[in-house]
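# Chain and residue survey
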Amino acid sequence: MIPAAGLVLTACGPSTVELPNVIYVFPDQYRNSSLGFWSDPEFAKLVEWRGDPVSTPNLDRFAREATVLSEAVSNCPLSSPHRGMLLSGMYPERSGVVLNCMSERPESSLREDAECIGDVFSAAGYDCAYIGKLHVDFPTKNNPQRPGSYVSDVVPEWDAYTPPERRHGFNYWYSYGTYDVHKHPHYWDTEGDRHDVDEWSPQHEISKAIEYIENRNAQRDSRKPFFMMVGINPPHSPYASTDDCDLEGYELYKDKSLTELLVRGNADTTMAKAAAARYYFANVSGIDREFGRLLKALDEAGLTDNTIVIFASDHGETMTSHSTADPKNSIWRESLNIPFLVRYPGRVPHRVDDLLLSTPDIMPTVLGLAGLGERIPASVEGRDFSAILRQDAVQPERPQAALYLRNLDGERDAEGLVRGFFPEARGLKTATHTMELCIDREGRLKRVLLYDDVQDPYQLENLRPEEHEALFASLCRELAVLLRENDDVWYRTRVLAELIPYDDMKNQS
Ligand code: CA
């Protein structure tokens, strides 16, 4: 059958151009190693670390039809800052989302005037759908069901309703801010009506995505191609009991020992959190099943060949690695490295690439893949690497490093609201090393993390800068370039200028 979607008139001429549909699925806190295919020899030989012992048959099949990026980076590995970068193509200081969004942080919210990925697809003639977790808006008292109040009575409020004027081009809406009761989720639809659901949220969201693909209720304009983002919340915490997880997935892990499950060389199975691994992996396998259902629906609708499908996440999960209780917001691989799989039949070949894709690169790269490279807004700070994914004859220069950022709350005002942010750490990931510099509130160096990721893939040995002077100096030079290119607050205020040669760029590219 010939799909109705995909033909649109371009503004620049009488000819018709076939534009692909685009589906971007990104579970929350889904780490790159939690993909079963990393344990397959074809893939395992390409990375220095072990994949988690998870069952993800649908993603394994998908990976063999996709380009798999092994080193994609969530530069500020925290929910809202990642999503701000993903949607706008800008680093947090320009996207507006510098901290996780909640009612006491009025200065962290996606800029209403930012030209976001949905705005561009919409302007290019796409029908645009957003399903699931958004978490980029400062919650206000705009509850459509109870005007003048937040969407719940929780203090501070984290969840939010996103009104039409803040939806950035998405004309079909079935979403919420942030809410972590996986089996009783809720959503606001296009009209602002609220839906409370008693179903595991990934299952419900994939069903909504399938309805949209099938256009069962005329949700979309079938004459247009579509762009759909599905922000799934699990395997995000809580992951403490079967109340939180997919039961079918749980069967696969419930009898396994923690040492069988936590195989990374830096895992700490003595931590109380280690027991969460069974539930976390249960959710990973549940998401795989749901993702498989989505791909099947796409097949049955005859849309597979003309649809770009991407599977990614917003950041990783440490799951006891480095003995830290914080699942994210750190430079360690488990937190920084995200899955990134792109399938575009006939256009993007199956291969594994160690491209250091940064989060702000995602928007321009997706637009480039869809043939909309000329519409990438000037405000976008990331780069279009679609030519590398397609393996074009002419390709852009590959990035040598990706920037890492960690911001904490700034001071609170008399009303208890957070004003500004404290840029606690900056760092970088290169092909071979990871380095983070962390400061105290007076701007003095508090800690250095420095790892040789090739010799020490689990980042067990923190190298001492004084014993690796040339390496440390070279990484500081590289960090200076990244901070300057990104006009980061560390560059503007010359943080740790005694180490980072901000103004000595003579020998830098
Ligand atoms: Ca998150």
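Source: prediction; values computed, not measured. (Residues numbered from 1 in each chain as written. Predicted model: local features only at pLDDT ≥ 70, side-chain atom pairs only at ≥ 80, totals over all residues. Heavy atoms only, no water.)

## Brief notes about the domain arrangement of the chain
Rules: For every domain, the bounds stem from an assignment made automatically or drawn from a database. The contact criterion used is simple: two residues touch if any of their non-hydrogen atoms lie within 4.5 Å. Once two parts are brought into contact, the accessible area they lose, counted with a 1.4 Å probe and summed over both, makes up the buried area.
Under the domain assignment used here, the chain contains domain 1 (7-390) and domain 2 (401-508). A C-alpha centroid distance of 27 Å is found between domain 1 and domain 2. The interface of domain 1 with domain 2 comprises 34 residues on the first partner and 37 residues on the second. Taken over both partners, the interface formed by domain 1 and domain 2 buries close to 2,800 Å², and the fraction arising from carbon and sulfur atoms is 56%.

## A word on the sheet that holds strand β7 (residues 186-189)
Defined as follows: For two strands to be treated as a pair, DSSP must find no fewer than two bridges joining them. Each helix is a run of H or I in the DSSP string that is no shorter than four residues. Each strand is a run of E no shorter than two, and both are numbered from the N terminus. An axis is simply a line fitted to the C-alpha atoms; with a helix, the fit covers only the stretch in contact. Between two such axes, the angle follows the N-to-C directions and lies from 0 to 180 degrees.
What the 10 strands build is an open sheet, ordered β8-β7-β6-β5-β9-β3-β10-β11-β4-β12; its pairing is mixed. Of all strands in the sheet, those with a lone pairing partner are β8 (194-196) and β12 (351-353), marking the two edges. Neighbour-to-neighbour, the strand axes of the sheet open up by a mean angle of 15 degrees, direction not taken into account. Examined bridge by bridge, strand β3 (residues 21-25) and strand β10 (residues 307-312) share 5 bridges and lie parallel to one another. Looking across to β10, one finds that I23 is bridged to V309. Contacting β3, β5 (127-133) and β9 (226-231), helix α3 (residues 79-88) runs over the sheet at an angle of about 170 degrees to β5.

## Section: the coordination of the calcium ion
As a reminder, the rule being used: Distances decide who is a donor: an N, O or S atom must be within 2.8 Å of the metal, or within 3.2 Å for Na, K and Ca. Water is not included, so sites may look incomplete. Buried residues are those whose accessible area, probed at 1.4 Å on protein chains only, stays under 20% of the maximum for their type, while exposed residues exceed 50% and partly exposed ones sit between those limits.
Looking at the calcium ion, one finds its protein donor set to be D28 (OD), D28 (OD), D314 (OD) and H315 (NE2), positioned 2.3 to 2.7 Å from the metal centre. Written as a sequence motif, the donor arrangement for the calcium ion is D-x285-D-H. Here D28 is found in the loop between β3 and α1 (41-44), whereas its partner H315 is found in the loop between β10 and α10 (333-336), with 287 residues between them in sequence. Of the two residues, D28 and H315, neither departs from the other in class, the shared state being buried.

## A word on the packing of aromatic side chains
Which entries qualify depends on this criterion: Aromatic contacts are taken between Phe, Tyr and Trp rings whose centres are within 6.5 Å, Trp giving its six-membered ring; a plane angle under 30 degrees counts as stacked, one over 60 as edge-to-face, and the others as tilted. Geometrically, a lysine NZ or arginine CZ counts as sitting over a ring once it is within 6 Å of the ring centre and also within 35 degrees of the ring normal.
According to the stated counting rule, one finds 25 aromatic pairs in the structure shown. These aromatic residues form a ring-pair network of at least three members: F121, Y126, Y130, F170, W173 and F227. Geometry around Y212 places R220 over its ring, the cationic atom sitting 5.8 Å from the centre. Positioned above the aromatic ring of Y491 is the side chain of R494, whose terminal nitrogen or guanidinium carbon lies 4.4 Å from the ring centre.

## Side note on the packing of α3 against helix α11 (residues 359-369)
Test applied: Small angles under 35 degrees read as roughly parallel and large ones over 145 as roughly antiparallel, with 65 to 115 read as roughly perpendicular and the rest as oblique. Note: crossing handedness is left-handed where the near helix turns anticlockwise from the far helix by less than a right angle, and right-handed where it turns clockwise. Only Asp, Glu, Lys and Arg are considered charged, only Ala, Val, Leu, Ile, Met, Phe, Trp, Tyr, Cys and Pro nonpolar, and every remaining residue, Gly among them, polar.
As a packed pair, α3 and α11 sit with axes 6 Å apart at the nearest point and diverge in direction by 25 degrees. Our classification of the angle between α3 and α11 gives roughly parallel. The handedness of the crossing between α3 and α11 is right-handed. Two secondary-structure elements touch here, α3 through H82, M85, L86, L87 and S88 and α11 through T359, P360, I362 and M363. A breakdown of the residues in the contact of α3 with α11 according to their chemical character gives 6 nonpolar, 3 polar and no charged.

## Points about unusual backbone geometry
Backbone geometry follows two general trends: most residues other than glycine have a negative phi, and most peptide bonds adopt the trans configuration. The step from V155 to P156 runs through a cis peptide bond, and the omega angle for that step is -15 degrees. With respect to the element layout, P156 can be found in the loop between β5 and β6 (172-176). A cis amide bond links P234 to the next residue, P235, at an omega of 10 degrees. The topology assignment puts P235 in the loop between β9 and α7 (247-253). Even without a glycine there, the phi angle at M319 is positive, about 45 degrees. You can see M319 is positioned in the loop between β10 and α10.

## Side note on the nonpolar core
For the record, the criterion: Side-chain atoms within 4.5 Å link the members of a nonpolar core, which is a set of buried Ala, Val, Leu, Ile, Met, Phe, Trp, Tyr and Cys residues.
Counting residues in hydrophobic clusters, the biggest one holds 62 residues, and the most contacted among them are I23, I213, M228, F291, L294, F311 and L341. The residues contacting F291, other than those within four sequence positions of it, are V25, L59, F62, V309 and F311. V97, Y126, L357 and M363 belong to the second largest nonpolar core, which has 48 residues in total.

## Observations concerning the pairing of β3
Most of β3 is tucked away, with 5 of its 5 residues classed as buried. Neither face of β3 is open: one carries N21, I23 and V25, the other V22 and Y24, and all of them are buried. Examined bridge by bridge, β3 and β9 share 4 bridges and lie parallel to one another. Across the sheet, V25 pairs through a bridge with V230, a residue of β9.

## Examining the pairing of strand β11 (residues 340-343)
Taking every second residue as pointing to the same face, both faces of β11 are buried, with F340 and V342 on one and L341 and R343 on the other. Relative to β11, strand β4 (residues 67-69) is paired through 2 bridges, and the arrangement is antiparallel. Bridge pairing links T67 to V342 in β11. With 4 bridges connecting them, β10 and β11 associate as antiparallel partners. Looking at β11, one finds that I310 is bridged to V342.

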